[in-house]
Amino acid sequence: MTDTATYVIDPIEREIFTYTVESIVEEIDINITRTAHSPLVYEYKDYCAGLLTKDFALLGQSQSNLPIFLADLGDPVSDVIDIIGAESLRAGDVVLTNYGEVSGQHLNHVVAFTPLFSREDEIQGYLAIRTHWADVGGITPGSLSWEGTDLRQEGFQVRGLRVMREGNVVPEVVETIRANCYMQAEVVGDLMAQAGACLVAAERWRERVASRWSGEQVAQLVAAQLETSRQLAARAVSELPDGVYEASCMTDDGGGVGTAPLRLSVKLIVEGDRMVADLSDLPPQVATPINAGKNGGAMSAMRVAFKSLLVPNRQADQGLFEPLSIVLPTGTVLSATDGAPMAHWNTTIPTMVDLFLRAIGSRLPERVPAGHHGSMAALMLTGRRADGTWVQYIETGNGGHGAHSEGDGFGP
């Protein structure tokens with residue numbers, strides 16, 4: 001490899017780096033699918049894996065899992081690093097967080113992450129894996145109650161808990177988690193799958209990245225990749241006519257029988273190569289568990305819609321979303337705070353994606369499909385086995401998309 005002082009990035013080297021990153025997250029994707037214990041993970045794909053820079057920007061994300069997790073791993077990891085300090089981390093450490101105030105999702109979504117080191121033994125980034133745990137305690141088995149009125153009723157929260165230190169499992173942490181769950185075997189099995197995949201990713205980073213490029217070279221390659229993505233997204237936005245695009249709808253109810261419907265709305269402002277998603281008119285957070293936090297709610301929904309419409313074929317990274325600004329006041333149903341219940345945080349998110357597309361379609365109908373299924377519904381059955389252990393069965397209610405200008409819609 002060329003000496004750092006004379007290192008010049010060429011397009012081929014940049015693409016080699018980008019696809020090297022992608023190869024790591026895709027291997028972790030396969031690893032999680034093969035080693036997870038819960039069908040929610042290995043069949044339903046309720047997880048994601050992402051590589052983050054040392055500044056917590058998304059560098060690459062697995063692609064076969066649920067799209068709603070798009071580019072939302074940076075904030076949970078950053079929150080923990082603010083608490084424990086990056087200098088406290090060692091190779092082989094695996095840290096957990098599901099802190100609802102930052103993640104903005106139900107507490108079943110637990111993030112495990114590990115540091116990635118350069119050949120100079122400096123932290124270059126993090127590998128983070130979010131997995132839907134079958135259970136995190138709370139007032140009902142499975143932790144997805146419709147009765148809760150406070151996030152703390154929906155299960156336990158961890159915020160920087162080390163489950164592995166230098167490659168060794170911390171048994172008291174595992175047993176504390178086990179003691180607070182109903183579905184203990186599934187939860188501990190998925191935890192070990194996450195932790196193991198983190199260690200695999202760290203090893204792959206050493207083999208494929210740190211062994212080839214120095215720390216300074218990686219920094220330059222990261223900047224080049226993110227700038228390439230930014231340019232692609234900005235070019236796509238610039239092809240839209242300048243102006244204001246708006247859409248709104250009413251929900252069936254406010255998250256429970258007898259509750260008032262909510263009005264959801266999106267206003268998009270396109271000017272040149274930038275887009276603003278103004279969500280100022282969203283309703284306040286509610287007492288029912290359909291709230292989502294800022295990071296896991298409105299921000300994710302807007303990113304999913306933005307990417308699917310404008311840059312669908314580019315590997316997701318932070319650069320893609322630089323041309324998108326989101327105006328979002330605190331305390332709405334999609335930026336909830338102060339312990340608002342979030343067990344069914346995903347209830348409104350498909351509608352927000354649809355509203356983004358509908359807004360664009362109000363002026364450019366040929367660019368978007370008709371409305372989609374609009375729900376992440378599921379049938380959940382929970383009970384006890386003969387030996388007293390808990391068991392859960394989940395069947396999702398799938399749906400499709402409407403027709404578009406070039407063909408029919410499709411169903412499940």
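Our structure's up above, just so we're on the same page.
Here we summarise the structure given alongside this text. (Residues numbered from 1 in each chain as written. Predicted model: local features only at pLDDT ≥ 70, side-chain atom pairs only at ≥ 80, totals over all residues. Heavy atoms only, no water.)

## A word on the sheet that holds strand E4 (residues 109-117)
Step number 1: An order of E2-E1-E5-E4-E3-E6-E7 is seen for the seven strands of this open sheet, with the pairing classed as antiparallel. Only two strands of the sheet have a single neighbouring strand rather than two, namely strand E2 (58-61) and strand E7 (168-169).
Step number 2: Both E4 and strand E5 (residues 123-132) contribute to a ladder of nine bridges, which runs antiparallel. Bridge pairing in E5 links Ala112 to Ile129.
Step number 3: Here helix H1 (residues 11-35) sits on the sheet in contact with strand E1 (47-53), E2 and E5, set at roughly 150° to E1.
Step number 4: Along the sheet, helix H7 (residues 215-238) makes contact with E1, E2 and E5, crossing E2 at roughly 75°. (Pairing = 2+ DSSP bridges. Helix = DSSP H or I, 4+ residues; strand = E, 2+ residues; numbered from the N terminus. Contact = heavy atoms within 4.5 Å. Axes fitted to C-alpha atoms, helices over the stretch in contact; angles between N-to-C directions.)

## What about the packing of aromatic side chains?
Step number 1: Under the criterion given, the structure shown has five aromatic pairs.
Step number 2: Centroid distance Phe113 to Tyr126: 5.9 Å. Interplanar angle 85°. Geometry classified as edge-to-face. One end of the pair, Phe113, is in strand E4; the other, Tyr126, is in strand E5, with 13 residues separating them in the sequence.
Step number 3: Here Tyr126 falls in the buried class, since its relative accessible area comes to 1%.
Step number 4: With 6.3 Å between their ring centres and 50° between their planes, Phe306 and Phe321 make a pair best called tilted. Of the two residues, Phe306 sits in helix H8 (residues 298-310) while Phe321 sits in the loop between H8 and strand E11 (324-327), which places them 15 residues apart along the sequence. (Phe/Tyr/Trp six-rings, centres within 6.5 Å; stacked < 30°, edge-to-face > 60°. Buried < 20%, exposed > 50% of the residue type's maximum accessible area, 1.4 Å probe, protein only.)

## Some words on the packing of H8 against helix H9 (residues 349-361)
Step number 1: It is at 8 Å that the axes of H8 and H9 come closest, and there the two elements cross at 45°. One element, H8, and the other, H9, form an angle in the oblique class. Pair H8 / H9 crosses with right-handed handedness. Here H8 contributes Ala301, Met302, Val304, Ala305, Phe306, Ser308 and Leu309 to the contact with H9, which in turn contributes Ile349, Met352, Val353, Phe356, Leu357 and Ile360.
Step number 2: The class makeup of the residues in the contact of H8 with H9 is twelve nonpolar, one polar and no charged. (Parallel < 35°, antiparallel > 145°, perpendicular 65-115°, else oblique. Left-handed = near helix turned anticlockwise from the far one by under 90°. Nonpolar A, V, L, I, M, F, W, Y, C, P; charged D, E, K, R; others polar.)

## Comments concerning the sheet that holds E11
Step number 1: If you walk across this open sheet you meet the four strands as E8-E9-E10-E11, and the pairing is mixed. Strands with a single pairing partner mark the edges of an open sheet, and in this sheet they are strand E8 (243-250) and E11. On average, each strand axis in the sheet is tilted by 15° relative to the strand beside it, whichever way the strands run.
Step number 2: Pairing between strand E9 (residues 263-271) and strand E10 (residues 274-278): five bridges, direction antiparallel. Its bridge partner lying in E10, Glu271 is registered against Arg274.
Step number 3: Here H8 sits on the sheet and contacts E9, E10 and E11; the angle it forms with E11, its principal contact strand, is near 150°.

## Here's the deal with helix H3 (residues 74-84)
Because the α-helix completes a turn every 3.6 residues, residues three or four places apart line up on one side.
Step number 1: Burial within H3 is extensive, with eight of its eleven residues counted as buried.
Step number 2: Considered for burial, the residues of H3 that qualify are Gly74, Pro76, Val77, Ser78, Asp79, Val80, Ile81 and Ile84.
Step number 3: Here the buried face of H3 lies against E1, strand E3 (94-97), helix H4 (100-103), E4, E5 and strand E6 (159-165).
Step number 4: One or two residues past the end of H3 sits Gly85, with phi positive at roughly 80°.

## Examining the pairing of E2
Step number 1: The pairing of E1 with E2 spans three bridges and is antiparallel. From the neighbouring strand, Gly50 faces E2, where its bridge partner is Gln61.
Step number 2: Hairpin connection, E1 to E2: the antiparallel pair is bridged by four residues, and Phe56 has positive phi, about 75°.

## Overview of the pattern of salt bridges
Step number 1: Applying the stated criterion across every chain yields a total of 14 salt bridges.
Step number 2: Across the pair Arg206 and Glu203 runs a salt bridge, and its minimum N-O distance is 2.5 Å. Of the two residues, Arg206 and Glu203 are both situated in helix H6 (residues 184-210); the distance of three residues between them amounts to about one turn of the helix.
Step number 3: Take Glu203: its relative accessible area is 30%, and that puts it in the partly exposed class.
Step number 4: Across the pair Glu207 and Arg204 runs a salt bridge, and its minimum N-O distance is 3.5 Å. Linking Glu207 with Arg204, this pair stays in helix H6, spanning three residues, or about one helical turn. (Salt bridge = Lys/Arg side-chain N within 4 Å of Asp/Glu carboxyl O.)

The analysis is restricted to geometry; functional conclusions fall outside its scope.
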